[in-house]
Amino acid sequence: EDKVVQSPLSLVVHEGDTVTLNCSYEVTNFRSLLWYKQEKKAPTFLFMLTSSGIEKKSGRLSSILDKKELFSILNITATQTGDSAVYLCAVPNTSGTYKYIFGTGTRLKVLA
Amino acid sequence: DAGVTQSPTHLIKTRGQQVTLRCSPISGHKSVSWYQQVLGQGPQFIFQYYEKEERGRGNFPDRFSARQFPNYSSELNVNALLLGDSALYLCASSSAYEQYFGPGTRLTVT
């Protein structure tokens with residue numbers, strides 16, 4: 001059965017710390033992996049990764065994919081209180097239904 | 001450009017009632033997906049529609065149904081509501097595997 005597993009489930013850090021969030025997957029016909037940030041409501045899109053070893057970067061956030069070991073990491077450097085959110089990882093299963101399989105998320109809390 | 005829009009924002013229903021949620025995708029996106037998200041969990045896939053045809057269905061009972069209109073907007077219907085249907089219902093539109101979510105509809109069943 002297709003699955004996406006994220007770790008840790010929750011994390012508490014202080015402003016300025018660097019965090020690494022993990023996402024491992026087992027999905028038929030892998031094409032891409034997506035990261036989202038969810039605060040109070042809908043998830044907001046962060047990155048889509050399709051190729052191994054190519055880092056995607058946006059400000060203090062970066063992400064990389066390892067298709068051989070079937071995982072991705074999301075790094076946040078110099079964390080701020082505004083980074084407090086649930087970070088979700090999703091992988092589309094493209095064999096027929098095209099459904100996106102989500103992990104349960106990592107809840108990050110950044111303390112001032 | 002407008003993002004994904006959903007209506008209503010919040011909804012309170014009683015058990016046994018029926019509800020219709022609405023979604024308009026990003027302009028140019030032909031695919032709409034519906035998700036249910038309960039507290040503390042990631043979104044669970046309900047349906048995907050593409051060009052007005054159902055392309056996928058998750059593990060939800062037949063009380064859940066959906067359709068997509070010629071302008072690519074979509075409706076999700078839930079009949080005979082149960083307390084367990086209380087959740088955030090998310091609509092997403094997608095293009096080439098990038099998927100963008102609307103603000104969601106918070107449904108409370110009492």
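Residues numbered from 1 in each chain as written. Chains lettered and ligands numbered in written order. Predicted model: local features only at pLDDT ≥ 70, side-chain atom pairs only at ≥ 80, totals over all residues. Heavy atoms only, no water.

1. Overview of the side chain of Ser62 of chain A
All names here are of chain A.
Then comes step 1: Note on placement: Ser62 falls in strand β7 (residues 61-66).
Then comes step 2: Of note is the side chain of Ser62, whose polar atom sits 3.4 Å from the side chain of Glu55.
Then comes step 3: Once you skip the residues sitting within four places of it in the chain, Ser62 turns out to touch Phe47, Glu55, Lys56, Lys57, Ile73, Leu74 and Asn75. (Helix = DSSP H or I, 4+ residues; strand = E, 2+ residues; numbered from the N terminus. Polar contact = N/O pair within 3.5 Å; in protein donor to acceptor, adjacent residues only side chain to side chain. Contact = heavy atoms within 4.5 Å.)

2. A few points about the interface of chain A and chain B
For an interface, size is often stated in terms of accessible area lost upon the parts coming together.
Then comes step 1: Between chain A and chain B, the residue contacts involve 21 residues of the former and 24 residues of the latter.
Then comes step 2: Note on chain A versus chain B: buried area summed over both sides is about 1,900 Å², and carbon and sulfur give 58% of it.
Then comes step 3: When residues of the side of chain A that touches chain B are traced back to their parent elements, those giving at least two are β4 (33-38), β5 (44-49), β9 (85-93) and β10 (99-102) of chain A.
Then comes step 4: Split into classes, the residues belonging to the side of chain A that touches chain B amount to eleven nonpolar, seven polar and three charged. (Buried area = accessible area lost by both parts, 1.4 Å probe. Nonpolar A, V, L, I, M, F, W, Y, C, P; charged D, E, K, R; others polar.)

3. Here's the deal with the pattern of salt bridges
A side chain with one charge may pair with a side chain of the opposite charge, provided their charged atoms come close.
All names here are of chain B.
Then comes step 1: Per the stated rule, a full pass over the model turns up seven salt bridges over all chains.
Then comes step 2: Notably, a salt bridge pairs Lys30 with Glu51, separated by 3.4 Å at the nearest N-O pair. With a gap of 21 residues between them, Lys30 in the loop between β3 (19-24) and β4 (31-37) and Glu51 in the loop between β5 (44-50) and β6 (53-57) connect regions that are remote in the sequence.
Then comes step 3: On the basis of relative accessible area, Lys30 is assigned to the partly exposed category, the value being 33%.
Then comes step 4: Because the salt bridges share partners, they merge into one network encompassing Arg22, Arg67 and Glu75. (Salt bridge = Lys/Arg side-chain N within 4 Å of Asp/Glu carboxyl O. Buried < 20%, exposed > 50% of the residue type's maximum accessible area, 1.4 Å probe, protein only.)

4. Some details on the state of the cysteines
All names here are of chain A.
Then comes step 1: Summed over the entire model, instances satisfying the criterion amount to two disulfides over all chains.
Then comes step 2: Each sulfur in the disulfide pair Cys23 and Cys89 lies 1.9 Å from the other. Because the torsion about its S-S bond is -60°, the bridge between Cys23 and Cys89 counts as left-handed. Residue Cys23 is located in strand β3 (residues 19-26), and its partner Cys89 is located in strand β9; the two are separated by 66 residues in the primary sequence. For the pair shown, Cys23 and Cys89 are each scored as buried. (Disulfide = S-S within 2.5 Å.)

The quantities given are spatial measurements derived from coordinates; they are silent on function.
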